[in-house]
Amino acid sequence: MAEGALEAPAENGGGGGGGDSGASASERGVAPIKPQYLTTKEQFHKFLETKGQEKPCQETETGDPGGNDLAEPEAKRIRLEDGQMQDGQTDRVAEHGEPLPAQKRARGQNKGRPHVKPTHYDQNRLCPSLIQESAAKCFFGDRCRFLHDVGRYLETKPADLGPHCVLFETFGRCPYGVTCRFARAHLGPEGQNLVQKELAARWAQHLPVRNGLDKALQQQLRKRKIRFERSEQILRQLSQGPLPAAAVPEVTAAEGASGQSNCEALEAPAGPGAGTPPRSPVRTCGPLTDEDIVRLRPCEKKRLDIGGKLYLAPLTTCGNLPFRRICKRFGADVTCGEMAVCTNLLQGQTSEWALLKRHQCEDIFGVQLEGAFPDTMTKCAELLNRTIDVDFVDINVGCPIDLVYKKGGGCALMHRSAKFQQIVRGMNQVLDVPLTVKIRTGVQERVNLAHRLLPDLWDWGAALVTLHGRSREQRYTKLADWQYIEQCVKAAGPMPLFGNGDILSYEDANRAMQTGVAGIMIARGALLKPWLFTEIKEQRHWDISSSERLDILRDFTNYGLEHWGSDTQGVERTRRFLLEWLSFLCRYVPVGLLEQLPQRINVRPPYYMGRNHLETLMASQKSADWIRISEMLLGPVPPNFVFLPKHKANAYK
């Protein structure tokens, strides 16, 4: 475990100075790359700027010619560093003759990140009634503030990005019509939106994405008209004392029949525990059936049999539906949606419900919920049990970020055992699918808690637990502790335990399975190389070419346009998520360039020249170069485009 002491951050990488030579293979914390490919930071960036660059990127023009970091955005440059004002503020002091009030130094991660909602989307925005070709009646009537002149809209619309629309070619119809950035592929001579009727009819009967938010349900959630009678009944019993695992409150026939006597139940608030059949968001009229009043006992629940399968971790921001489709194509067996906050789901937030969407290729799929209190978590579980189609529900007890931890969620639940128990028991009793939990070793670095919690989790009703071999304080500063995971396998007893941490090759996966875990969860390894699942299943190293990697990115952008839309807003959203992923992909070192196999997840690559220009470009850690790659796939970026990754500079620690 000597490698655990490697804590070299990215900013101290090989060739830290402009004229320093490339890192040698023996340098600690640096990937061992063959000497003929090593270069200096200065030569690396000079090569990218002079060769193969037809149009310089806007950020590159404003960058430091010495190869240093790019010029920071205005929102970040105005910060104070160690109490000293920057040159721009000093000039203003001299200009106005009096000192400006001192600003408090921003602390933490990415405090200077620009949180500005784009306004250019709202300028000359076409009315939805025209996009959907129902111009006879505007949805908003006289109050409509959108544009109704298609000719005027076309005068200001940016140029199309290509001759092929992925939505039109895949589904037979593009719902974005004239606003599509690939509109010439499906617009007729008179500007009408063309439709391939046979293909569109086939997809209309079988939607590729499930778990959408129904508008009627959203309105009821926003008005708080949903009743959670079953959850409230369980929470009352839990507050009086812990229930045995087999004690499941029954819903009597009288309770199920109440509210079903007349057709007014259709307009009544949807009560997920008030006698509605499973998977139905609203009440229905008709005779009662066993499905209405009979609940599954815990022993009758569908078992989660995923032993030995490859589990793609729920990854915030990057673990979106298009990325999961990429990983499924390369062999991921189990997928899970991004962490969703239960309070936001109960409020009917569209952006939060989008995290629950499931593609048809995801045959074993779950959702992950985050919350700090038994009432909200139990009610959210009951709501999802009625409205979406999943194979399991996971509780996030591993999130280390302060925003979650200080509210009592994530890792904080490991210290709040009473609340943790009520959450697990309550959710388990309202769900018809298995309940899983993802935890860390503990909160503090040398105080492990997982081995104490695992036996209790089995008694509380958890079907499976995933253990990340790091504490909250460690974050990614040391390697995952697989020796401790091996101890926890024995403590978990009959409950399956999955292990997670530092898996970037099939050798890492084989060593992990030797600890006795039921399976492995892959997180950052999938972000660095999504073909890792193929490598593990085929037990080989894949020296994937740069053109093949670009094809993967092209597939991601096509999936993104299907998911987020092909209009201007959808294209830029796809670009944002692509750039977030590229900030991880740049850390991958091609197999043919390494002196020693495999690449380790805790080491950083030095500056190196790839076997062609594209491979070198993909190794760049500058956001301007990531933007250049996105322009190969999605066309030029809009004016004043700024990108800062959400994670802290993707540090290699």
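Per an unreviewed UniProt entry, the chain goes by the name tRNA-dihydrouridine(47) synthase [NAD(P)(+)] and belongs to Prolemur simus. We quote the UniProt Cofactor (unreviewed entry) comment for the chain here in full: "FMN". Its UniProt record gives the chain a comment under Sequence similarities (unreviewed entry), which states: "Belongs to the dus family. Dus3 subfamily."

With that settled, consider unusual backbone geometry. Between Leu597 and Pro598 the backbone carries a cis peptide bond, its omega angle lying at 0°. Examined against the element boundaries, Pro598 turns out to sit in the loop between helix 25 (568-585) and helix 26 (613-618). Phi is positive for Thr317, close to 75°, though the residue is something other than glycine. Locating Thr317 in the fold gives a position in the loop between strand 2 (310-312) and helix 13 (321-329).

A few words on helix 21 (residues 506-513). Inspection of helix 21 places Tyr506, Glu507, Asp508, Ala509 and Ala512 among the buried residues, and these make up the whole buried set. Where the residues of helix 21 are buried, they touch helix 20 (482-492), strand 10 (519-522) and helix 23 (532-538).

Right, let's get into the nonpolar core. Core analysis: the largest hydrophobic core is formed by 144 residues, its most contacted members being Leu457, Ile520 and Leu553. Broken down by element, this core gets its largest block of residues, 7 residues, from helix 25. Once residues lying within four places of it in the same chain are set aside, the contact partners of Ile520 are Lys309, Leu310, Tyr311, Trp482, Phe498, Gly499, Ile503, Ala509, Ala512, Met513 and Ile536. Among the nonpolar cores identified, the runner-up in size contains 5 residues, and Ile131, Leu147, Tyr153 and Val178 belong to it.

The next subject is empty space enclosed by the protein. Taken as a whole, this structure holds 6 cavities of 30 Å³ or more when the rule is applied. In this structure, the largest cavity encloses a volume near 80 Å³. Every residue lining the largest cavity is listed: Trp531, Arg549, Ile552, Leu553, Trp581, Leu582, Leu585, Cys586 and Met618. Counting residues per element, the ones that place at least two in the lining of the largest cavity are helix 24 (546-564) and helix 25. Its residues placed into classes, the lining of the largest cavity shows 8 nonpolar, no polar and 1 charged.

A few words on the pairing of strand 5 (residues 365-370). With 6 of its 6 residues buried, strand 5 lies for the most part within the structure. Covered by surrounding structure in strand 5 are Phe365, Val367 and Leu369 together with Gly366, Gln368 and Glu370, the residues of both alternating faces. Bridge count for strand 3 (residues 335-341) against strand 5 is 5 bridges, and the pairing is parallel. Counted as the bridge partner of Thr335 is Phe365 from strand 5. Handedness of the crossover is the feature at issue here: the chain leaves strand 5, passes through helix 16 (residues 374-387), returns alongside strand 6 (residues 392-397), and the resulting connection is right-handed.

Let us now look at the sheet that holds strand 2. Ordered in space as 2-10-9-8-7-6-5-3, the 8 strands form an open sheet in which the pairing is parallel. Taken across any chain shown, the strands that pair with only one partner, and hence form the sheet edges, are strand 2 and strand 3. On average, each strand axis in the sheet is tilted by 25° relative to the strand beside it, whichever way the strands run. Where strand 2 and strand 10 come together, 3 bridges link them in parallel fashion. Each bridged residue has a counterpart across the sheet, and for Leu312 the counterpart in strand 10 is Ile522.

The rules behind these values
- Residues numbered from 1 in each chain as written.
- Predicted model: local features only at pLDDT ≥ 70, side-chain atom pairs only at ≥ 80, totals over all residues.
- Heavy atoms only, no water.
- UniProt positions renumbered as here; feature names shortened; annotations may be inferred.
- Helix = DSSP H or I, 4+ residues; strand = E, 2+ residues; numbered from the N terminus.
- Buried < 20%, exposed > 50% of the residue type's maximum accessible area, 1.4 Å probe, protein only.
- Contact = heavy atoms within 4.5 Å.
- Core = buried A, V, L, I, M, F, W, Y, C linked by side-chain atoms within 4.5 Å.
- 1 Å grid on protein atoms, 1.4 Å probe; cavity = no way out; pocket = protein on both sides within 12 Å on 5 of 7 lines; lining within 4 Å.
- Points joined across faces, edges and corners; volume = space filled by probe spheres on them.
- Nonpolar A, V, L, I, M, F, W, Y, C, P; charged D, E, K, R; others polar.
- Pairing = 2+ DSSP bridges.
- Right-handed = clockwise from strand over helix to strand, strands pointing away.
- Axes fitted to C-alpha atoms, helices over the stretch in contact; angles between N-to-C directions.

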